[in-house]
Amino acid sequence: MNAVRQKWAQWAEQRVFAALVGTLLKWIVLGSGVGILSGTASAFFLKSLDYVTDVRIANPWLLFLLPLGGALVSFLYMKVGKNSGKGNNLILEQISSGNETIPLRMAPLVLFGTLVTHLFGGSAGREGTAVQMGGSLAEWFGKIIRVRPTDRKILLICGISGGFGSIFGTPLAGTVFGLEVLAIGLIRHEALIPAFVAAFTGNLVTTSFWGVSHIHYHIGAVPELTWIVVLKVVFAAILFGLTSILFSEMTHALKKGYAKLFKNPVLKSAVGGVVIIGLVYLLGTRDYLGLGIPLIQSSFTEIVSPFAFLGKLVFTSLTLGAGFQGGEVTPLFAIGATLGNALSGFLHLYTPFLAGLGFISVFCGATNTPIACFLMGIELFGADAAVYMFMACLVSYLFSGHTGIYTSQQIGVSKSYLLPIPQGTTLSAVKSIVKKKDEPVSAAEKR
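None of the values given here were measured: they were computed from a predicted structure.

Conventions adopted
Residues numbered from 1 in each chain as written. Predicted model: local features only at pLDDT ≥ 70, side-chain atom pairs only at ≥ 80, totals over all residues. Heavy atoms only, no water. Helix = DSSP H or I, 4+ residues; strand = E, 2+ residues; numbered from the N terminus. Rg over C-alpha atoms; globule rule 2.2 N^0.38 Å. Buried < 20%, exposed > 50% of the residue type's maximum accessible area, 1.4 Å probe, protein only. Contact = heavy atoms within 4.5 Å. Areas by Shrake-Rupley, 256 points an atom, 1.4 Å probe, with all protein chains shown as cover. Lys, Arg positive; Asp, Glu negative; His and termini not counted. Charge placed at Lys NZ, Arg CZ, Asp CG, Glu CD. pLDDT = per-residue confidence, 0-100. Phe/Tyr/Trp six-rings, centres within 6.5 Å; stacked < 30°, edge-to-face > 60°. Core = buried A, V, L, I, M, F, W, Y, C linked by side-chain atoms within 4.5 Å. Patch = residues over 30% accessible without salt bridge, like charges linked within 9 Å, V, L, I, M, F, W, Y side chains within 5 Å. Salt bridge = Lys/Arg side-chain N within 4 Å of Asp/Glu carboxyl O. Axes fitted to C-alpha atoms, helices over the stretch in contact; angles between N-to-C directions. Parallel < 35°, antiparallel > 145°, perpendicular 65-115°, else oblique. Left-handed = near helix turned anticlockwise from the far one by under 90°. Nonpolar A, V, L, I, M, F, W, Y, C, P; charged D, E, K, R; others polar. Disulfide = S-S within 2.5 Å.

> Whenever I open this one, the overall build of the protein confuses me. Can you help?
When helices and strands are tallied, the protein shows 18 helices and two strands. Against the compact-globule benchmark of 22 Å for 447 residues, the protein has a radius of gyration of 23 Å, which places it among compact chains. Across its three principal directions, the C-alpha atoms of the protein cover 90 × 65 × 55 Å. When burial is assessed residue by residue, the protein has 55% of its 447 residues classed as buried. When contacts within the protein are restricted to residue pairs at least 6 apart in sequence, long-range pairs at least 24 apart make up 76% of them. In the form shown here, the protein has an accessible surface area of approximately 19,900 Å², with 68% of it arising from carbon and sulfur atoms. Positive and negative charge centroids in the protein, built from 32 and 20 side chains respectively, lie 10 Å apart.

So this is what it looks like as C-alpha cells:
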C-alpha cells in the first residue's frame, strides 16, 4: 500500500513539474511571437518618426498643414476606424472584461495618424502608438493560433509590455507597465513571465536586429541621503503628482470641450490645428511642438525657462484634446524634466538629478504605475539614485489621486482608506461616485 502511495505521489509531482515546464515553454513561444511583432513595429515607427521630425524641422511651413493633417486622420478614423478611436482604453477594456474585438486596422491607423501629427507639428508622444500597435498585433496573433479567452487577455498584456519596452528601450519597465496599468493597486502576476518575454524580445528585436538606438540621459551626482534632501524630494514629488493631475484633467476637459463644440470630428481636429498654429505665433516659439526631446535634453544640461513645463503641458493637451493621434508619455517626460529643472534652483538641488526625478514622477502620477516608473528610472539613469527615485514615484503616485490619462483604468485598491471606492470602478466613473457620496442626504432618504 505504501509503495502505491509513493508511486502516486511521484506521478503527481512529475505531472505538476511537466505542467509548469509546459506553461513556461508555451509563454516563451507566444510571448516571443508578440515581442517580435511589437518590436518590429516599434522599430519601423521610430525610424519613421525620426524621418518626419527631421522633415518638419527642415521645412517650418509644414506647420500650416496641421489642420489639414488632423482633419485627414479624423476622417480616416470616422470612416474605417470603428472602435479603434478608443485607443489604449480599448485594450485595457478588453483585458478587464470587454467583449469587443481589437481590429488589426488599429496598428496602421495609429501609426499613420501619429506620423502625420508629428510631421505637421502636433505635440504628442509615441507610447500610445506603440501600445496600440502591440495590442492590435497581439490580438491578430492570438486569432491566428486560436488562443483561449484567458490566454487572449495575457497576450494583450504582452502586446502592451512588448510595445512599451521596445519603444523606450526599457524591458523591465515595459514588463511591469503591462501588468500595473490595468488596475490601480493590483498586479496581474499570472502574466509576469509572458510580459517579460514579450518586453525583452521586443526590445532585443528593436535594438539588435533592426539597429534602432534609444536616447539615455545622465543625472550626474546624487546628493547624500539626509533628512533635508528627503524633505526636498518629497516636496518636489508632491508638485510632480499635482502636475500630472493638471495634465490629465486638462486633456480630458479639452476632449469633452472640443467634442461638444464640434460634433464633426474632422472639423474638430482642423480647428484644433488652427489653435496650435495660433499659439505658436502668440508665444513666438516652436519649442513645444513634437515629442519634446530637445526640451528633455536641455533640462539635463542647462537651465530652461521656469514655465517650459506649462508650455509643453498646454500644447500637448490641446493637441490630444483636438483628436490628434500619439501618446502622452514622452511629453510627460518633458513636462516632468523641465519642472524638475525649474525647481532645482528653488530647492538648491543638482539640476540633472531633479530633472531625472521629474522625468519619471510626472509620468508615474499620470499613469498610476509607480513600480514601472521606478524601474524605468533605473534603466535610464542607473541605480545610484534608486532610493530617491522610488520615493518620488510613491509620493507622486499618492498625490495624483484617482486621476490619470487612461479613463478605462480601474481601481483595484483605493489609494487611501479615507477615499473608499468600489473595486472595478474606472477612472472615468470615479468623479460621479465621489460626488454622489458628497451630496447631502435628503430628509426622505434619512427616514
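Next, the rest of the story.
> What is the right way to look at the confidence of the model for the protein in this model?
Interpretation of this model should avoid reading the predicted coordinates in detail wherever pLDDT is low. The predicted model of the protein averages 91 in pLDDT, with 93% of residues at 70 or higher. Scored below 50 in pLDDT, residues 441–447 makes two contacts in the model with residues more than four places away or belonging to other chains.

> What exactly am I supposed to notice about the packing of aromatic side chains here?
Aromatic ring pairs: the centre-centre distance and the angle between the two ring planes describe each pair. Applying the stated rule across the entire model yields 19 aromatic pairs. For the pair Phe-196 and Phe-200, a centre-to-centre distance of 5.7 Å together with 25° between the ring planes defines the contact as stacked. One end of the pair, Phe-196, and the other, Phe-200, are both in helix H8 (residues 192–209), four residues apart, so they sit about a helical turn from each other. Cluster of aromatic residues (ring-pair linked, three or more members): Phe-164, Phe-168, Phe-177, Tyr-217, Phe-300, Phe-333, Phe-359, Phe-363 and Phe-381.

> Where do I start with the nonpolar core in this structure?
Grouped together as the largest cluster of nonpolar side chains are 126 residues, with contacts concentrated most on Phe-300, Leu-357, Phe-359, Phe-363, Met-376 and Phe-381. Of all the elements, helix H14 (residues 351–367) adds the most residues to this core, at 10 residues. The contacts of Leu-357, once residues within four sequence positions are left out, are Val-233, Phe-240, Tyr-388, Met-389 and Ala-392.

> Is there a simple way to think about a nonpolar patch on the surface in this case?
Residues Phe-17, Val-21, Leu-24, Leu-25, Ile-28 and Ile-193 make up a contiguous nonpolar surface patch of about 530 Å² in total accessible area. For the nonpolar patch, the leading source of residues is helix H1 (residues 2–58), giving five residues. Relative to the helices and strands, Phe-17 resides in helix H1.

> I would appreciate a short explanation of the pattern of salt bridges in the present structure.
Note on pairing: side chains with opposite charge can pair once their charged atoms come close. Scanning all chains against the criterion turns up six salt bridges. For Lys-86, the salt bridge goes to Glu-93, with nearest N and O atoms at 3.5 Å. Using a relative accessible area of 26% as the deciding quantity, one classes Glu-93 as partly exposed. One salt bridge connects Glu-100 with Lys-86, and the closest N-O pair in it is separated by 2.6 Å. One end of the pair, Glu-100, is in the loop between helix H3 (88–96) and helix H4 (106–119); the other, Lys-86, is in the loop between helix H2 (66–81) and H3, with 14 residues separating them in the sequence. The exposure class of Lys-86 is partly exposed, given its relative accessible area of 36%. Among the charged side chains, a network of salt bridges with common partners joins Lys-26, Arg-148 and Asp-151.

> Please explain the packing of helix H9 (residues 227–261) against helix H16 (residues 386–399) as it appears in this structure.
For any two helices packed against each other, one specifies the crossing angle of their axes together with the interaxial distance. Contact pair H9 / H16: the axes reach a minimum separation of 7 Å and the direction vectors enclose 40°. Between H9 and H16, the angle is such that the two are oblique. Handedness of the crossing formed by H9 with H16: right-handed. Two secondary-structure elements touch here, H9 through Val-229, Val-230, Val-233, Val-234, Ala-237, Ile-238, Phe-240, Gly-241, Leu-242 and Ile-245 and H16 through Tyr-388, Met-391, Ala-392, Val-395, Ser-396 and Phe-399. Along the lines of polarity and charge, the residues of the contact of H9 with H16 split into 14 nonpolar, two polar and no charged.

> Even after reading the chapter, I still don't get the side chain of Ser-32, so can you show me in this structure?
Its place among the elements puts Ser-32 in helix H1. Since its relative accessible area comes to 19%, Ser-32 is described here as buried. Not counting residues within four places of it along the chain, the set of residues in contact with Ser-32 comprises Trp-27, Val-197 and Thr-201.

> Explain the packing of H14 against helix H15 (residues 370–381) to me, please; I cannot follow it from the model alone.
Between H14 and H15, the shortest axis-to-axis distance is 9 Å and the interhelical angle comes to 155°. In terms of axis orientation, H14 runs roughly antiparallel to H15. Remark: the crossing between H14 and H15 carries right-handed chirality. Judged by residue contacts, Gly-356, Phe-359, Ile-360, Phe-363, Cys-364 and Thr-367 of H14 engage Pro-370, Cys-373, Met-376, Gly-377, Leu-380 and Phe-381 from H15. Considered class by class, the residues forming the contact of H14 with H15 number nine nonpolar, three polar and no charged.

> What is the right way to read the state of the cysteines from this model?
Put plainly, a disulfide is one covalent bond tying together the sulfur atoms of two cysteines. Tallying each qualifying case throughout the model produces zero disulfides. Between Cys-364, a free cysteine, and Cys-373, which holds the nearest cysteine sulfur, the sulfur-to-sulfur gap is 4.5 Å. Cys-373 gets classed as buried once you look at its relative accessible area, which sits at 0%.

> What is the right way to read the environment of Gly-142 from this model?
Mapped onto the elements, Gly-142 comes out in helix H5 (residues 127–145). Along the chain, Gly-142 and Val-34 lie 108 residues apart, while their C-alpha atoms are 9.2 Å from each other. The contacts of Gly-142, once residues within four sequence positions are left out, are Val-147 and Leu-155.

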